[in-house]
Amino acid sequence: MSNVVLEVRDLGINFGGLRAVDGLNIDVEKNQLYGLIGPNGAGKTTVFNMLTGVYEPSDGTIKLNGELLNKKKPHEIARKGVSRTFQNIRLFKDLTVLENVLIALDTQADYSILTGILKMPKFFRQEKEMEEEAMRLLAVFGLDGDAQTLARNLPYGKQRELEIVRALGTHPKLLLLDEPAAGMNPQETQNLMDAIETLRNTFDISVLLIEHDMKLVMGICEKITVINYGTLLACGTPEEIQKNPQVIKAYLGE
Amino acid sequence: MSGINQFLMQLINGLNIGSIYALIALGYTMVYGIAKLINFAHGDIIMVGAYVSLLCLNSGMPWFIACIVSILACAVFGVVMEKLAYKPLRKASRISLLITAIGVSYLLENAFQLIFSANPKPYPGFITLPAIKIGSVSIAANYYVTFIVSVVLMIVLNLFVQKTNMGKAMRAVSEDEGAARLMGINVDNTISLTFAIGSALAAIAGILYSNCYSPINPFMGSLPGIKAFIAAVLGGIGSIPGAVLGGFILGMIETMVKAYISSQLLDSIVFTILILMLALKPSGILGKSVKEKV
Amino acid sequence: MKEKFKKQLLIDVLTVVVGYVALSLLMRFGVINDYVKGILLMACINIILTVSLNITSGFLGELALGHAGFMAVGAYAAALFSKSLSLIPAVEFPLAILVGGFAALIAGYIVSIPALRLKGDYLAIITLAAGEIIRNILKNLDIVGGTKGYTGIPGYTNFAWAYFVAVICIFASKSLIQSRHGRSIISIREDEIAAEASGVDTNRYKIIGFIFSAFFAGVGGALYAHYLRFLQPGIFTLNKSIEILVMVVLGGMGSIRGSIISAVILTVLPEMLRGFSDYRMLVYSLALIFMMLAKHSEKIRHLLAGFRPAVKRKETAHE
């Protein structure tokens, strides 16, 4: 049990009269690559929004390493060790690639406003450390060469990668990826799959990802949960999911 | 005058200014609902309506022609304003839109000041019906006409929005512009129509206001505009009954504060109400809260 | 990074000193007369107001319409302070400036409490309301003269004070923006939801942006009070806030250098063009609309590109 990083129990949320997610259970283990799949409108992103505090769940509990996350604010949850990317990329577009990462790395600096304004030695020391760390993270995706480029000027694929690097900046225990391969070509998707595996191993984190690309999900995830209409449809290894008649029905229709 | 009579008088004053606020707030709320824009210039359209009708009246036109000309002029003006200043910014950030709206508002005030000078101009009131006497309190024609016109207009507007196809299109666009477009609704025309109706209502408010509070000046619309916005927020922005309710509540609060608490601190009190309302229940009395999409 | 910073600092300090020496020599030898000197002094005060408003509107990305209100709080607090005490000016004035700044900072903090719960349009309205409330209260405050105005304020502000306080304001703002706090403030403008997801305590940084901005508005007000020697609530209307906003917008939201340039130009220009004052607000309003349309219209941007050198994007992002 102590191996479980994220423990979600009976999670549910109402939007007005609509029950968007209902009675969902998820257990993500340490260092696990976990897939959350389901047809369009199944409530996958809503689950992410609850996990990261953007929406407050109507019922159920979310625990990270045994600590309750419900009712915590998004930035608190991020600092506790859950970070995410977004389905529609949300970068700080008019800032440089480096600055995008530095903002997430803020957790590791603690110089005060006055130290910052008066540019005391501590400012330079910590800024230097942050910059080095940022460059190290960017290098994982080979983005270090683009450090001074404005985020908005990056090609689409690199923007997605930068979002992942930024998410790594808060030093997460659990990384949530919302359709990381959306809009990528097969070659880019393949590179992304390799990169996700690598970063899971190098940073020793768990990854929970939403994805439409079945090949990617089946290829790298060790465990998969399928939801439909906000409720659990199936849960198991990729092989079990592929054989599950209910999953086939939900995806192919009757 | 006895206390109860004085109170009745204040009640009538409150209803009067409240109906004007309600009329202006209707335009605010419709435009906000559909364009997601606080049209700062909306208050100034009252002033445009007042000046246009004044010009017509002074040139010897009968009052109803003057009213029609003024209403049409404002409607056209509202559409032109939207096309020139707001439409190009539909995809821009909110702050850009707001700054533009502030620019339009100041442009109107200062352009009219250059044309007509800042000196107040007397407005020849044309509502000449006899006063109504209720007990010992007499209600001037200005007052009850203003009230009746506003109530009738808001009922008509509500029916229009609820029952007609164009009204339904408006509601659809304010709910989800993209989906409305996919359903074959002409979004541009619908937005234009909203600005036209909102501005026409502002013109009527301007004419009624000028009848009650002559003389008029180029800055006359600014404060009622802001007050009407407060009314719209109070009632729940985007909601037609809310705007009317908010207008009357604000009119009443203002009159009563002026009469019984302090006329000097009136603005502070009204603005504090606004801040409290926004901070505690931003969706207003009749509005609904919306979750931001992530 | 440290070396780069030191080099830049050296250049900046040199520019400031040379600028000051040059201006004071011109004043000493009468090339700049007292009238022009007064205009330059007002330009310095306007730089303070513009740069500080740019922190909330340009960097934090929230439209604040109550800047004149915070300026008023600073002006009245500082004036009240220096009128009630009689220390030597060299001690009293800097203290009065700080009193003005902190009074405005507190006012800014109070306003930020309800404002934090809202964003965009509603926040703009709250700041507008706050500015009006401040003015309304000042009108009814007999201790500072009410509507009649507050007279007899010592005229401590001279060009040197205005110049160097403006320099401090510019340095502090630039330095804030280049720190981790500044980055977090900008991240809120860029994408609030992404900022939160990246661990930025958006409420905290909104307050920081707000009170920093209010502090320097108060400082600007303090200088203004001791220059004019007379205050009236009628000075600090919404018009005044809009005027400062125009300077921010024309200089470029999120550009401190732009704020400085546009504050100087918009202070000097109306004085130079006789009869311009009648058209001033008209021109300002047209400028506001045009700037916004230009920012979002390919056509106008293209047209402008022919007239001026292309703006380096990276520079604006770094500033």
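J.: Describe in detail the overall build of chain A, supporting the description with residues and values.
T.: Each helix and strand in chain A was counted, giving 10 helices and 10 strands. Computed over the C-alpha atoms, the radius of gyration of chain A is 19 Å, within 12% of the 18 Å expected from 2.2 N^0.38 for a compact globule of 254 residues. Overall, chain A is about 65 × 40 × 35 Å in size when its C-alpha atoms are taken along their principal axes. Here chain A holds 254 residues, and the buried ones make up 56% of them. Of the contacts formed within chain A by residues at least 6 apart in sequence, a portion of 65% connects residues at least 24 apart. Carbon and sulfur atoms make up 49% of the accessible area of chain A, which totals about 10600 Å². Across chain A, 28 positive and 34 negative side-chain charges occur, with their mean positions spaced 4 Å apart.

J.: Give me the lowdown on the sheet that holds strand S4 (residues 59-64) of chain A, citing residues and values where you can.
T.: What holds strands together in a sheet is hydrogen bonding between their backbones, with the strands either parallel or antiparallel. Residues and elements named next belong to chain A. Taken in spatial order, the four strands make up an open sheet running S2-S1-S4-S5, and their pairing is antiparallel. Looking at strand neighbours, the two that pair on one side only are strand S2 (18-29) and strand S5 (67-68), the edges of this open sheet. Across eight bridges, strand S1 (residues 4-15) lies against S2 in antiparallel orientation. What sits directly across from Val8, in S2, is Ile26. Most of the contacts of helix H1 (residues 44-51) go to S1, to which it runs at about 115 degrees, and overall it touches S1, S2 and S4.

J.: Now, about the nonpolar core: what can you tell me, with residues and values included?
T.: Core analysis: the largest hydrophobic core is formed by 203 residues, its most contacted members being Tyr86 of chain B together with Leu65 and Leu231 of chain C. Tallying contributions element by element places helix H1 (residues 3-35) of chain B first for this core, with 14 residues. Ignoring anything within four residues of it in the chain, the contact list for Leu231 of chain C reads Ala75, Tyr76, Ala79, Gly149, Tyr150, Ile153, Tyr224, Ala225 and Phe236 of chain C. Ile164, Ala195, Leu216 and Ile241 of chain A belong to the second largest nonpolar core, which has 49 residues in total.

J.: Lay out the side chain of Lys44 of chain A in plain terms, naming residues and giving numbers.
T.: The topology assignment puts Lys44 of chain A in helix H1. Apart from the residues lying within four places of it in its own chain, the contact partners of Lys44 of chain A are Leu36, Ile37, Gly38, Pro39, Ile210, His212 and Ile227 of chain A.

J.: Outline the pairing of strand S8 (residues 206-210) of chain A, supporting the account with residue identities and numerical values.
T.: The side chains of a regular strand alternate, residue by residue, between the two faces of the sheet. Of all the five residues making up S8 of chain A, five are buried; the element is thus mostly covered by neighbouring parts of the structure. Remark: the strand S7 (residues 174-178) of chain A/helix H7 (residues 186-203) of chain A/S8 of chain A crossover connection has right-handed handedness.

J.: Please provide a residue-by-residue account of the interface of chain C and chain B, values included.
T.: Facing the 42 residues of chain C at the interface are 42 residues of chain B. Counting each side, the surface lost to burial between chain C and chain B is near 3600 Å², with a carbon and sulfur contribution of 77%. A per-residue breakdown of the area chain C buries against chain B is headed by Asp121, Tyr122 and Ile125 of chain C, which together make up 19% of the total. Where chain C packs against chain B, one counts zero salt bridges. For the interface between chain C and chain B, the tally reads six residue pairs in polar contact (both at pLDDT 80 or more). The set of elements that each furnish at least two residues to the side of chain C that touches chain B consists of helix H5 (121-139), helix H10 (238-251) and helix H12 (280-296) of chain C. In terms of residue count, the dominant contributor to the side of chain C that touches chain B is H5 of chain C (12 residues). Residues belonging to the side of chain C that touches chain B are distributed by class as follows: 27 nonpolar, eight polar and seven charged.

J.: Describe the domain arrangement of chain A, naming the residues involved and giving the relevant values.
T.: Residues and elements named next belong to chain A. The domain architecture assigned to chain A consists of domain 1 (1-81 + 174-190 + 206-254) and domain 2 (90-171). For domain 1 and domain 2, the distance between their C-alpha centres works out to 28 Å. Taken together, the contact pairs 11 residues of domain 1 with nine residues of domain 2. Of all residues in domain 1, Arg79, Leu175 and Met184 bury the most surface against domain 2, accounting for 49% of the area lost on that side. The residue Asp106 makes a salt bridge to Arg79 at a minimum N-O spacing of 3.5 Å. Joining domain 1 to domain 2, the criterion identifies three residue pairs in polar contact (both at pLDDT 80 or more). Elements with a minimum of two residues in the side of domain 1 that touches domain 2: helix H2 (74-80) and S7. In terms of residue count, S7 provides more of the side of domain 1 that touches domain 2 than any other element does, three residues in total.

J.: Describe a nonpolar patch on the surface, naming the residues involved and giving the relevant values.
T.: All names here are of chain C. On the surface, Leu9, Val13, Val17, Val21, Leu25, Leu26, Phe29 and Val31 cluster together to form a nonpolar patch covering roughly 710 Å² of accessible area. Residue position: Val13 is located in helix H1 (residues 2-28). Judged by relative accessible area, which is 42%, Val13 ranks as partly exposed.

J.: Give a detailed account of the packing of aromatic side chains, specifying residues and quantitative values.
T.: Considering all chains together, one arrives at 27 aromatic pairs over all chains under this definition. Joined through ring pairs, the aromatic side chains of Tyr111, Phe123 and Phe124 of chain A together with Phe5 of chain C make up one cluster. Lying over the aromatic face of Phe123 of chain A, Lys119 of chain A brings its terminal NZ or CZ to 4.3 Å of the ring centre. The lysine or arginine in question, Arg166 of chain A, covers the ring of Phe92 of chain A, its NZ or CZ lying 4.7 Å from the ring centre.

J.: Lay out unusual backbone geometry with the relevant residues and their values.
T.: Between Ser214 of chain B and Pro215 of chain B the backbone carries a cis peptide bond, its omega angle lying at -5 degrees. Residue placement: Pro215 of chain B occurs in the loop between helix H8 (187-212) and helix H9 (222-235). One non-glycine residue with positive phi stands out, namely Asn31 of chain A, at about 65 degrees. When you line up the elements, Asn31 of chain A lands in the loop between S2 and strand S3 (33-37).

J.: Could you give an account of the pattern of salt bridges, with specific residues and numbers?
T.: All names here are of chain A. Summed over all chains, the structure comprises 30 salt bridges over all chains. Of the charged contacts in the structure, one is a salt bridge between Lys30 and Asp204, with a shortest N-O distance of 3.3 Å. Here the residue Lys30 occupies a position in the loop between S2 and S3, and Asp204 occupies one in the loop between H7 and S8, the gap between them amounting to 174 residues. On the basis of relative accessible area, Lys30 is assigned to the partly exposed category, the value being 45%. The closest approach of N and O atoms between Glu67 and Lys80, which form a salt bridge, is 3.3 Å. In this pair, Glu67 sits in strand S5 while Lys80 sits in helix H2, placing the two residues 13 residues apart along the sequence. Take Lys80: its relative accessible area is 30%, and that puts it in the partly exposed class.

J.: A description of the confidence of the model for chain B should follow, citing residues and the corresponding values.
T.: Model confidence for chain B is summarised by a mean pLDDT of 88, while 97% of its residues fall at 70 or above. This complex was scored by the predictor with a pTM of 0.89 and an ipTM of 0.91.

J.: Quick one: what's the story with the packing of helix H5 (residues 141-163) of chain B against helix H6 (residues 165-175) of chain B, residue by residue and with numbers?
T.: All names here are of chain B. Across the interface, H5 lies against H6 with an axial gap of 5 Å and an inter-helix angle of 80 degrees. When the interaxial angle is binned, H5 and H6 end up roughly perpendicular. Residues Phe160, Val161, Gln162 and Lys163 of H5 form the contact with H6, whose own contacting residues are Asn165, Met166, Gly167, Lys168, Met170 and Arg171. Looking at the contact of H5 with H6 residue by residue, the class counts come to four nonpolar, three polar and three charged.

J.: Describe in detail the packing of helix H3 (residues 97-104) of chain A against helix H5 (residues 121-140) of chain A, supporting the description with residues and values.
T.: Residue and element names in this part refer to chain A. Contact pair H3 / H5: the axes reach a minimum separation of 9 Å and the direction vectors enclose 110 degrees. Accordingly, the angle class assigned to the pair H3 and H5 is roughly perpendicular. At the point where H3 passes H5, the crossing takes the right-handed sense. Contacts from Val97, Leu98, Val101 and Leu102 of H3 reach H5 at Met130, Glu131, Ala134, Met135, Leu137 and Leu138. By residue class, the composition of the contact of H3 with H5 is nine nonpolar, no polar and one charged.

The rules behind the values
- Residues numbered from 1 in each chain as written.
- Chains lettered and ligands numbered in written order.
- Predicted model: local features only at pLDDT ≥ 70, side-chain atom pairs only at ≥ 80, totals over all residues.
- Heavy atoms only, no water.
- Helix = DSSP H or I, 4+ residues; strand = E, 2+ residues; numbered from the N terminus.
- Rg over C-alpha atoms; globule rule 2.2 N^0.38 Å.
- Buried < 20%, exposed > 50% of the residue type's maximum accessible area, 1.4 Å probe, protein only.
- Contact = heavy atoms within 4.5 Å.
- Areas by Shrake-Rupley, 256 points an atom, 1.4 Å probe, with all protein chains shown as cover.
- Lys, Arg positive; Asp, Glu negative; His and termini not counted.
- Charge placed at Lys NZ, Arg CZ, Asp CG, Glu CD.
- Pairing = 2+ DSSP bridges.
- Axes fitted to C-alpha atoms, helices over the stretch in contact; angles between N-to-C directions.
- Core = buried A, V, L, I, M, F, W, Y, C linked by side-chain atoms within 4.5 Å.
- Right-handed = clockwise from strand over helix to strand, strands pointing away.
- Buried area = accessible area lost by both parts, 1.4 Å probe.
- Salt bridge = Lys/Arg side-chain N within 4 Å of Asp/Glu carboxyl O.
- Polar contact = N/O pair within 3.5 Å; in protein donor to acceptor, adjacent residues only side chain to side chain.
- Nonpolar A, V, L, I, M, F, W, Y, C, P; charged D, E, K, R; others polar.
- Domains from an automatic or database assignment.
- Patch = residues over 30% accessible without salt bridge, like charges linked within 9 Å, V, L, I, M, F, W, Y side chains within 5 Å.
- Phe/Tyr/Trp six-rings, centres within 6.5 Å; stacked < 30°, edge-to-face > 60°.
- Lys NZ or Arg CZ within 6 Å of the ring centre and 35° of its normal.
- pLDDT = per-residue confidence, 0-100.
- Parallel < 35°, antiparallel > 145°, perpendicular 65-115°, else oblique.
- Left-handed = near helix turned anticlockwise from the far one by under 90°.

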